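# Geometric and topological summary
Okay, here's what each chain looks like letter by letter:
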Amino acid sequence: MSKSLEHFLDEGLANLKEKGLYNTIDVLDSANGPEITIDGKRMINLASNNYLGFATNPDLMQVCNEATDKYGVGAGAVRTINGTLKIHEELENKIAEFKGTEAAIAFQSGFNCNMGAISAVMTKEDAILSDELNHASIIDGCRLSRAKIIRVKHQDMEDLEQKAKEAVESGQYKKIMYITDGVFSMDGDIANIPEIVRIAEKYDLITYVDDAHGSGVLGKGAGTVKHFGLSDKIDFQMGTLSKAIGVVGGYVAGSQRLIDWLKSQGRPFLFSTSLTPGAAAAAKKAIELMQEDDHYVQDLWDNANYFKEKLQAIGYDIGKSETPITPVILGDELLAQKFSKKLIENGVYVKPIVFPTVPMGTGRVRNMPNAAHTKEMLDEAIAIYEKVGKELGIIK
Ligand code: PMP
């Protein structure tokens, strides 16, 4: 190994360990379902983004297998050479139909979708107004575009309007975008889409909503923008196929012209092999299940409301989430870490979330109840929360 790399890694790893930022990875021996096993130990799983339980849905597994039988395990090329299979086109049409837009483009992940889509449209002559709590993939996509990045206070519409006004009046920028998560993944709050649309129309802002945590959850599954009935007012409805959809991939739904542009300029679409046929088929089927039967989304909300009420009743602070995302806020970073360790030991799998992912002093564990949990599993988790919370003096 090169001496400089050795030095970099040794120093870097020691530094990460000292700051508590070194990742130790838990390895599951089971599927990532409502219950998981790690090292043979069964636990109630409250850490996944598998909102509708689709990661292990038998119908999705079946169409995944059928598509694999038909098309093989891999797409064989990037989309613009000959890696576009009929199933990719069918998936994109299905996404557009579900989202209420003219067209859609699928990427291989939500992360590379944000990297590719933002940088395909925004340039160094432009500005991006970005909510300060936006996801890392948005931040990286904005950086890649080389546009001027202007941070907007979290969900502060006065700050957005003021900064939009200043950016327009400066005359410095050719285009200005406002970009936000549709649902914020740490607190579960919903973006104020009607107000965003009003401000965007006033200042001619391009609007980009990353709905990774709203799709499959709000608007009968079609997401945050549909929830507010404003599908034709948001330029980019971005989402993932990896959370509620249960598979892998990302997408943008929007106007035909926008999608045409992204299919020629979105670099991961041009230079990275397309989604596997099995993933594309399973993702399409997931949308069909939501369209045919609303019980998946309803089960998610029933379970989330049930779980939240019980946690609150035993004395926990669960913040002000408006969605199934359920934080248990502890404040102290070390306490959050100790609490999650104890919960795991007792059979509830949740992860601590601490600074810098959330502001200092708002350490928490984040619960993601989903449609596949049974009430018995949730009751079992609550009993463990009660026991551990009392042991650590968090609740009385
Ligand atoms: N955007 C948001 C808001 C997310 O939470 C995530 C996933 N953590 C992503 C994008 C990336 O999606 P994916 O996992 O499909 O790459």
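What this report covers is the structure whose coordinates are included nearby.

Each value, and the rule that gives it
- Residues numbered from 1 in each chain as written.
- Predicted model: local features only at pLDDT ≥ 70, side-chain atom pairs only at ≥ 80, totals over all residues.
- Heavy atoms only, no water.
- Helix = DSSP H or I, 4+ residues; strand = E, 2+ residues; numbered from the N terminus.
- Contact = heavy atoms within 4.5 Å.
- Near = heavy atom within 4 Å.
- Polar contact = N/O pair within 3.5 Å; in protein donor to acceptor, adjacent residues only side chain to side chain.
- Areas by Shrake-Rupley, 256 points an atom, 1.4 Å probe, with all protein chains shown as cover.
- Nonpolar A, V, L, I, M, F, W, Y, C, P; charged D, E, K, R; others polar.
- Patch = residues over 30% accessible without salt bridge, like charges linked within 9 Å, V, L, I, M, F, W, Y side chains within 5 Å.
- Salt bridge = Lys/Arg side-chain N within 4 Å of Asp/Glu carboxyl O.
- Lys, Arg positive; Asp, Glu negative; His and termini not counted.
- Charge placed at Lys NZ, Arg CZ, Asp CG, Glu CD.
- Axes fitted to C-alpha atoms, helices over the stretch in contact; angles between N-to-C directions.
- Parallel < 35°, antiparallel > 145°, perpendicular 65-115°, else oblique.
- Phe/Tyr/Trp six-rings, centres within 6.5 Å; stacked < 30°, edge-to-face > 60°.
- Buried < 20%, exposed > 50% of the residue type's maximum accessible area, 1.4 Å probe, protein only.
- Pairing = 2+ DSSP bridges.

As a further point, take the environment of S109. Within the fold, S109 resides in the loop between strand 3 (103-107) and helix 4 (110-121). With 130 residues separating them along the chain, S109 and G239 place their C-alpha atoms 9.3 Å apart. Not counting residues within four places of it along the chain, the set of residues in contact with S109 comprises G249 and G250.

Quick look at the site of the ligand now. In the neighbourhood of the ligand, 14 residues make up the surrounding shell, with G110, F111, D210, S242 and K243 lying closest. With respect to the ligand, the backbone of F111 contributes an N or O atom lying 2.9 Å from an oxygen atom. Here H135 contributes a side-chain N or O atom positioned 3.2 Å from a nitrogen atom of the ligand. If the ligand stood free it would expose 400 Å²; the protein chains cover 82% of that surface. It is helix 4 that contributes the most residues to the shell around the ligand, three residues altogether. For the shell around the ligand, the per-class residue count stands at two nonpolar, nine polar and three charged.

Turning next to a negative patch on the surface. A surface patch of like charges, here negative, comprises D59, E292, D293 and D294. Tracing the chain through its elements places D293 in the loop between helix 11 (277-292) and helix 12 (295-313).

Attention now moves to the packing of helix 4 against helix 9 (residues 256-265). For the pair helix 4 and helix 9, interaxial distance at closest approach is 10 Å and the crossing angle is 105°. As judged from the angle between their axes, helix 4 and helix 9 are roughly perpendicular. On helix 9, the residues touching A117, A120 and V121 of helix 4 are L258, W261, L262 and Q265. Of the residues contributing to the contact of helix 4 with helix 9, the split by class is six nonpolar, one polar and no charged.

As a further point, take the packing of aromatic side chains. Per the counting criterion, the structure on display carries seven aromatic pairs. When the centroid spacing of 5.5 Å and the interplanar angle of 75° are considered together, the rings of Y316 and Y385 count as edge-to-face. With a gap of 69 residues between them, Y316 in the loop between helix 12 and strand 10 (326-331) and Y385 in helix 14 (residues 375-391) connect regions that are remote in the sequence. Comparing Y316 with Y385 shows no difference in burial state: the two are buried. Taking the centre distance of 5.7 Å and the plane angle of 65° together, the rings of F339 and Y385 count as edge-to-face. Linking F339 in helix 13 (residues 333-346) with Y385 in helix 14, this pair joins segments that are 46 residues apart in sequence. On the basis of relative accessibility, which here comes to 0%, the residue F339 falls in the buried class. Looking at Y385, the relative accessible area reads 0%, which means it is buried. Each member of the aromatic cluster is reached from another via a ring pair, and the members are F307, Y316, F339 and Y385.

With that settled, the discussion passes to the pairing of strand 13 (residues 363-367). When you tally the buried positions in strand 13, you get five out of five residues, the bulk of the element. Along strand 13, one buried face is formed by G363, V365 and N367 and the opposite face, lined by R364 and R366, is buried too. Inspection of the sheet shows strand 10 paired to strand 13 by five bridges, in the antiparallel sense. Residue pairing in the sheet places P327 in a bridge with R366 of strand 13.

A sheet is described by the order of its strands in space; here three strands give the open sequence 10-13-12, paired in antiparallel fashion. The sheet is open, and its two edges are formed by strand 10 and strand 12 (351-353), each paired on a single side. The mean inter-strand angle of the sheet, taken between neighbouring strand axes irrespective of direction, is 30°. Each of strand 10 and strand 13 touches helix 12; the most contacted strand, strand 10, lies at about 25° to it. Running at roughly 35° to strand 13, helix 13 makes contact with strand 10, strand 12 and strand 13 of the sheet.

Another aspect to go through is the environment of I353. Structurally, the position occupied by I353 is in strand 12. The sequence separation of I353 and I329 amounts to 24 residues, and the corresponding C-alpha distance is 9.5 Å. Those residues in contact with I353 that lie beyond four places of it in its chain are M186, V358, T362, G363, R364 and R366.

Note that every value here comes from positions in space, so none of it alone points to a role or purpose.
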